[in-house]
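# Understanding the architecture of this molecule
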Amino acid sequence: MPKVVILKTATGTVWIKLEKSLRRELAQPPKVGDRLRLEGTISDKYDGWVKQYKASHLELVATAQPPAAKSSQFCKVLICQKSACCRRGAKELWQELEAQQLPIALKATGCMGECKRGPAVVILPHKKRLTRANAQQIRELVCSPEA
């Protein structure tokens, strides 16, 4: 069983030493994200420049929930909306993707530095960059299982 519980707070990291009786009582050590209720003491060590925390009571209030599984089919598509890309079809691409009702979120961005090869697109979470993009390319990337 652990000797200390490490808490990360807004003000910093705190190490709290568990009394031996607490260590024996714990059926399993707390996991990252568990909510705990601790009671104990704080004492100064080394003339006050180090605080020593010691827990005499520990109660598990709530266990951490596993992160929700993200759908592998949901993507975010970033489309440049600056003038050069719009002249090369960014607005039409946006409208076509909206009409297809793919499992994507569309997001307008500023210049991606591909002005002469627009419309410029980035597909997340795959981090795929496309230039001269069209709806067919995006649909294939978003809907393919290996992407």
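Residues numbered from 1 in each chain as written. Predicted model: local features only at pLDDT ≥ 70, side-chain atom pairs only at ≥ 80, totals over all residues. Heavy atoms only, no water.

## Some thoughts on helix α4 (residues 135-143)
- Within α4, the full set of buried residues consists of A135, I138, L141 and V142. One side of α4 carries all its buried residues, which in axial view fall inside an arc of 130°.
- Elements in contact with the buried residues of α4: β5 (75-80), α3 (90-100), β6 (104-109), β7 (121-124) and β8 (128-130).
- Residue N134 occupies the N-cap position of α4, its side-chain oxygen lying 3.1 Å from the main-chain nitrogen of Q136. (Buried < 20%, exposed > 50% of the residue type's maximum accessible area, 1.4 Å probe, protein only. Helix = DSSP H or I, 4+ residues; strand = E, 2+ residues; numbered from the N terminus. Arc of directions from axis to C-beta. Contact = heavy atoms within 4.5 Å. Polar contact = N/O pair within 3.5 Å; in protein donor to acceptor, adjacent residues only side chain to side chain.)

## Description of the sheet that holds strand β1 (residues 4-9)
- Strand order in the open sheet formed by 4 strands is β1-β2-β4-β3, with mixed pairing between adjacent strands. Of all strands in the sheet, those with a lone pairing partner are β1 and β3 (35-45), marking the two edges. Geometrically, the sheet is characterised by an average inter-axis angle of 40° between neighbouring strands, direction not taken into account.
- For β1 and strand β2 (residues 12-18), the ladder comprises 6 bridges, and the chain directions are antiparallel. By the bridge assignment, V4 is partnered in β2 with K17. (Pairing = 2+ DSSP bridges. Axes fitted to C-alpha atoms, helices over the stretch in contact; angles between N-to-C directions.)

## Notes on the confidence of the model for the protein
- Mean pLDDT for the protein: 82, with 90% of residues reaching 70 or above.
- For the protein, per-element mean pLDDT is lowest for β1, which scores 77, and highest for helix α2 (residues 83-87), which scores 93. (pLDDT = per-residue confidence, 0-100.)

## Things to note about a positive patch on the surface
- On the surface, a cluster of positive charge is made up of K3, K17, K20, R24, K45 and K54.
- For R24, the location among the structural elements is in helix α1 (residues 20-25).
- On the accessibility criterion, R24 (66% relative accessible area) is exposed. (Patch = residues over 30% accessible without salt bridge, like charges linked within 9 Å, V, L, I, M, F, W, Y side chains within 5 Å. Areas by Shrake-Rupley, 256 points an atom, 1.4 Å probe, with all protein chains shown as cover. Salt bridge = Lys/Arg side-chain N within 4 Å of Asp/Glu carboxyl O. Lys, Arg positive; Asp, Glu negative; His and termini not counted. Charge placed at Lys NZ, Arg CZ, Asp CG, Glu CD.)

## Observations regarding the sheet that holds β5
- Taken in spatial order, the 4 strands of this open sheet run β6-β5-β7-β8, and their pairing is mixed. Each end of this open sheet is capped by a strand with a single partner; those strands are β6 and β8. Between one strand axis and the next, the sheet turns by 20° as a mean value, whatever way the strands run.
- Here 6 bridges tie β5 to β6, and the two strands are oriented parallel to one another. Counted as the bridge partner of C75 is I104 from β6.

## Some thoughts on unusual backbone geometry
- With omega at 0°, the peptide bond leading from G118 into P119 counts as cis.
- Within the secondary structure layout, P119 lies in the loop between β6 and β7.
- Here L124 and P125 are connected by a cis peptide whose omega angle stands at 10°.
- Within the secondary structure layout, P125 lies in the loop between β7 and β8.
- Despite not being glycine, K127 shows a phi value in the positive range, around 60°.
- Here K127 lies in the loop between β7 and β8.
- The exposure class assigned to K127 is exposed, which follows from its relative accessible area of 67%.

## Focus on the pattern of salt bridges
- Under the defined criterion, the tally for this structure stands at 4 salt bridges.
- A salt bridge links R117 to E114; the shortest N-O distance between them is 2.7 Å.
- Salt bridges here are not isolated pairs; linked through shared partners, they connect R37, E39 and E59.

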